[in-house]
Amino acid sequence: MAFAELVGHYRPDLVLMENVKEILCGRFAYYFSKAQRKLESFGYKVKADVLDLSRYGVPQRRLRAVAIGTLQGEINLPEPILNEEEAVTVRQAIGHLNRIRPGEIDPEDRH
């Protein structure tokens, strides 16, 4: 609810929220519903859904709640840019890197 109050105070043209999927379809859905009503009372149009972020280029198969609110009229959540076969896992993205221990620096790392 504090998120909605901050948005109402600062009134940005667009707000984006990403959270655990349960905020939309689980035990925390009540809180999102309350925040959504508050945003709508400030004039925001809000769209929200649970998205598989691996379909948007995040190298991890992960379901997350995403909500977008705007003062500029209707807005839609973006369509996925990848199909399921193109989605990349964390192992595929960084599995080729040398293993290091906490605090170590890879000698091949150009920093």
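The coordinates are above.
These notes cover the structure that comes with them. From a predicted model like this one, the values you see are computed outputs, not experimental measurements.

1. Here we look at the packing of helix α1 (residues 2–10) against helix α3 (residues 29–41)
Two measures define how a pair of helices packs: the angle their axes make with one another and the distance between the axes. It is at 9 Å that the axes of α1 and α3 come closest, and there the two elements cross at 10 degrees. The angle between α1 and α3 falls in the class roughly parallel. Contacts from F3, A4, E5 and V7 of α1 reach α3 at A35, K38 and L39. Among the residues making up the contact of α1 with α3, the classes are represented as five nonpolar, no polar and two charged.

2. Notes on the sheet that holds strand β3 (residues 63–70)
Reading across from one edge, β1-β3-β2 is the order of the three strands in this open sheet, with antiparallel pairing throughout. For this open sheet the edge positions go to β1 (14–20) and β2 (45–52), each flanked by a neighbour on one side alone. The mean inter-strand angle of the sheet, taken between neighbouring strand axes irrespective of direction, is 20 degrees. In terms of strand pairing, β1 meets β3 through seven bridges, oriented antiparallel. Within the sheet, the bridge partner assigned to E18 lies in β3 and is V66. Packed on one face of the sheet, α3 meets β1, β2 and β3 and runs near 145 degrees to β2.

Scoring rules and cut-offs
Residues numbered from 1 in each chain as written. Predicted model: local features only at pLDDT ≥ 70, side-chain atom pairs only at ≥ 80, totals over all residues. Heavy atoms only, no water. Axes fitted to C-alpha atoms, helices over the stretch in contact; angles between N-to-C directions. Helix = DSSP H or I, 4+ residues; strand = E, 2+ residues; numbered from the N terminus. Parallel < 35°, antiparallel > 145°, perpendicular 65-115°, else oblique. Contact = heavy atoms within 4.5 Å. Nonpolar A, V, L, I, M, F, W, Y, C, P; charged D, E, K, R; others polar. Pairing = 2+ DSSP bridges.

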